[in-house]
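Chain residues, written in single-letter form:
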Amino acid sequence: MGECGSRDCDISLAGKTVLVTGAAGFIGAALIQRIFASIASDSVQCIFASDVSVDSNVSVDSDESDASVSCGGTLRVVGFDNLSPYYDVELKRARLRSIEQVATKCGAVVAPSVPDAPLTAEADAQYPVPDALLTAEADAQYPPVPDAPSTPETLYPSAAEWVFIEGDIARREELEQVFRKYRPAIVVNLAAQAGVRQSISDPDSCFRSNTIGFYNVLELCRHYGVEHLVYASSSSVYGSPSGASPYSVEDRTDSPVSLYAATKKGNELMAFAYSKLYGIPSTGLRFFTVYGPAGRPDMAYFSFAETWRRGGKVRVFNYGRLSRDFTYIDDIAEGVLRVLCHPPQLHIGEDGLPLAPARLYNIGNGRPVQMMDFLSVLSSELVGVGVLPHDFSLEAHCEFVPMQPGDVLRTCADTAPLERDFAFRPQTDLRSGLSAFARWYAGYCIDNK
């Protein structure tokens, strides 16, 4: 296993374990599926919507435009998640079933470990696998996952293994059992109590998961010799900068406007300290407004669809004068996959002392979209799949209200460092991404009327 895309891997994954916390979450499930899909192909596979279009103006070296993981030994992926009831747990279980399907299709050994998952036609109809996940339909960027041979001479006889364990990163003993048994070489920490609103209404859960839980992850990475820690940060750390330029990882981020943002900034500082003190290579990824099929029901685009479907009005804050850097889920998953094999290297500073092997990157489109434009595209795509009636009036289904606490006017990612180091930046345009969500949502909502 000497390659990751067309670049040499700093970490060979042959015979090693990747631990993904928050495995049943929106990003965690997408990443794990992409890891398995990449084993079975020379290019990264589309996990949720293989018919999204690619921005033809993106200038990325085609020789390095696909990340893949080749295997010279068994790669074990261990998922860890507490299946918090913060939102519908059955949706999380549906994501775990999707992981099992992709892993099996790609020839991986799958432990039958989805907890209390009713593998029934009714459950899968209620929470469908995204429509392009296991089909032959694909575009040029994301070809379909090839069928795994059914004979004993399978092409991937021991390429990978999938294990899911239910547990909470805030409970050290539960997490340490996983480290002790599986000895992960790479840890991708995506477990967190998400949501700016949630951090305001329930700060305890936010601090417990995002701070205590992350501390536990760091301590175990320290004691078990992890080769690379990749962790989720957030564009929320930027607060409300006064300038209109894209947010750079070099910008000051010491004025958070929510507890959620403060915990994510705290994660970055904690990771840096552990990298400096104990030489743990760490990479923080600041995600910008992730969206797509099988997302969190509390996210704006998902909750808007739910409200409109029931005939209600959505609240549009700051009277619609907001803009967001929307990033499609497959682009996020690909970005994380590109990063995880390449830990920061230890360097010696001018004072002769080692520098912390720690990095930060933005993962966003770098193209903010005005909120009213976003609502227009979302509603038109929902009309197109029959979720909303053809005579749906956007203006009649919006309530324009003042700014809410913890919110910011604008987000925009500077992705130059990501492009420089990994020849990648998110490419999916908003309409293609929302079209994929609308198709998935149309199936999702049929049994949720």
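Not measured: the values here are computed from a predicted model.

Novice: Help me get a handle on the overall build of the protein chain, residues and values and all.
Specialist: When helices and strands are counted, the protein chain shows 12 helices and 18 strands. In the protein chain, which comprises 449 residues, the share counted as buried stands at 58%. A separation of at least 24 residues holds for 85% of the contacts in the protein chain among residues at least 6 apart in sequence. Counting only carbon and sulfur atoms, one obtains 51% of the accessible surface of the protein chain, whose full area is about 17,800 Å².

Novice: Lay out the pattern of salt bridges in plain terms, naming residues and giving numbers.
Specialist: Here the structure, examined in full by the defined rule, presents 20 salt bridges. E176 is the salt-bridge partner of R180, the closest N and O atoms lying 3.8 Å from each other. With R180 and E176 both in helix α4 (residues 172-182) and 4 residues apart, the pair spans about one turn of that helix. With relative accessibility at 23%, the residue E176 sits in the partly exposed group. Shared partners join several salt bridges into a network, and the residues in it are D168, R171, E174 and R208.

Novice: Please set out the side chain of T211 residue by residue, giving values where relevant.
Specialist: Note on placement: T211 falls in helix α6 (residues 203-223). Judged by its relative accessible area of 17%, T211 falls in the buried class. If we ignore the near neighbours within four places in the chain, the residues touching T211 are C206, T263 and M270.

Novice: Describe in detail helix α8 (residues 300-309), supporting the description with residues and values.
Specialist: Working note: α-helix, 3.6 residues per turn, so residues spaced by three or four point in the same direction. For α8, the buried fraction is high: 7 of the 10 residues fall into the buried class. Among all positions in α8, only Y301, F302, F304, A305, E306, W308 and R309 are buried. G311 sits one or two residues past α8 and shows a positive phi near 85°.

Novice: Explain the confidence of the model for the protein chain residue by residue, including any values.
Specialist: Across the protein chain, the average pLDDT comes to 81, with 77% of residues at 70 or higher. Of all the helices and strands in the protein chain, helix α3 (residues 121-126) carries the lowest mean pLDDT, 44, while strand β7 (residues 186-189) carries the highest, 98. For the stretch residues 42-65, pLDDT sits under 50, and the model shows 81 contacts to residues farther than four places along the chain or on other chains. Every residue in residues 114-158 scores below 50 in pLDDT, and together they form 104 contacts with partners more than four places removed in sequence or on other chains.

Novice: Give me the side chain of Q193: which residues, what numbers.
Specialist: Structurally, the position occupied by Q193 is in the loop between β7 and α5 (196-201). Not counting chain neighbours up to four residues away, the residues in contact with Q193 comprise Y86, Q198, S205, C206, S209, N210 and Y260.

Novice: Can you tell me about the packing of aromatic side chains, naming the residues and giving the values?
Specialist: In this structure the tally under the stated criterion is 26 aromatic pairs. Ring geometry for Y441 and Y444: centres 5.8 Å apart, planes at 35°, overall tilted. Residue Y441 and its partner Y444 are located together in helix α12 (residues 430-446), separated by 3 residues, close to a single helical turn. Note on accessibility: Y441 and Y444 belong to one class, buried.

Novice: Can you lay out the packing of α8 against helix α10 (residues 371-384) for me, pointing to particular residues and giving the numbers?
Specialist: In contact at an axis separation of 11 Å, α8 and α10 are set at 55° when each is read in the N-to-C sense. Classified by the angle between their axes, α8 and α10 sit oblique to one another. In the crossing of α8 with α10, the sense of the turn from one axis to the other is right-handed. Residue-level inspection shows Y301, F304, A305 and W308 of α8 in contact with α10, the latter providing F374, L375, L378, S379 and L382. When its residues are assigned to classes, the contact of α8 with α10 shows 8 nonpolar, 1 polar and no charged.

Novice: Explain helix α2 (residues 89-105) residue by residue, including any values.
Specialist: A rise of 1.5 Å per residue sets the reference length of α2, with its 17 residues, at 24 Å; its end C-alpha atoms lie 25 Å apart and thus fit the reference within 8%. Counting buried residues in α2 gives 14 out of 17 residues, a clear majority hidden from the surface. Where α2 begins, the capping side chain belongs to D88, and its oxygen is found 3.0 Å from the backbone nitrogen of E90.

Novice: Can you explain the environment of V336? Please cite residues and give values.
Specialist: Along the chain, V336 falls in helix α9 (residues 329-340). As for V336 and A232, which are separated by 104 residues in sequence, their C-alpha atoms are 9.4 Å apart. Once residues lying within four places of it in the same chain are set aside, the contact partners of V336 are L31, V188, V230, L285, F287 and I363.

Novice: Tell me about unusual backbone geometry, and name the residues and values.
Specialist: Even without being a glycine, R183 presents a positive backbone phi close to 50°. Examined against the element boundaries, R183 turns out to sit in the loop between α4 and β7. A relative accessible area of 52% places R183 in the exposed class. Backbone geometry at N318 places phi at a positive 50°, although glycine is not the residue there. Along the polypeptide, N318 turns up in the loop between β11 (314-316) and β12 (323-324).

Reading guide: rules and limits
- Residues numbered from 1 in each chain as written.
- Predicted model: local features only at pLDDT ≥ 70, side-chain atom pairs only at ≥ 80, totals over all residues.
- Heavy atoms only, no water.
- Helix = DSSP H or I, 4+ residues; strand = E, 2+ residues; numbered from the N terminus.
- Buried < 20%, exposed > 50% of the residue type's maximum accessible area, 1.4 Å probe, protein only.
- Contact = heavy atoms within 4.5 Å.
- Areas by Shrake-Rupley, 256 points an atom, 1.4 Å probe, with all protein chains shown as cover.
- Salt bridge = Lys/Arg side-chain N within 4 Å of Asp/Glu carboxyl O.
- pLDDT = per-residue confidence, 0-100.
- Phe/Tyr/Trp six-rings, centres within 6.5 Å; stacked < 30°, edge-to-face > 60°.
- Axes fitted to C-alpha atoms, helices over the stretch in contact; angles between N-to-C directions.
- Parallel < 35°, antiparallel > 145°, perpendicular 65-115°, else oblique.
- Left-handed = near helix turned anticlockwise from the far one by under 90°.
- Nonpolar A, V, L, I, M, F, W, Y, C, P; charged D, E, K, R; others polar.
- Expected span 1.5 Å × (residues − 1).
- Polar contact = N/O pair within 3.5 Å; in protein donor to acceptor, adjacent residues only side chain to side chain.

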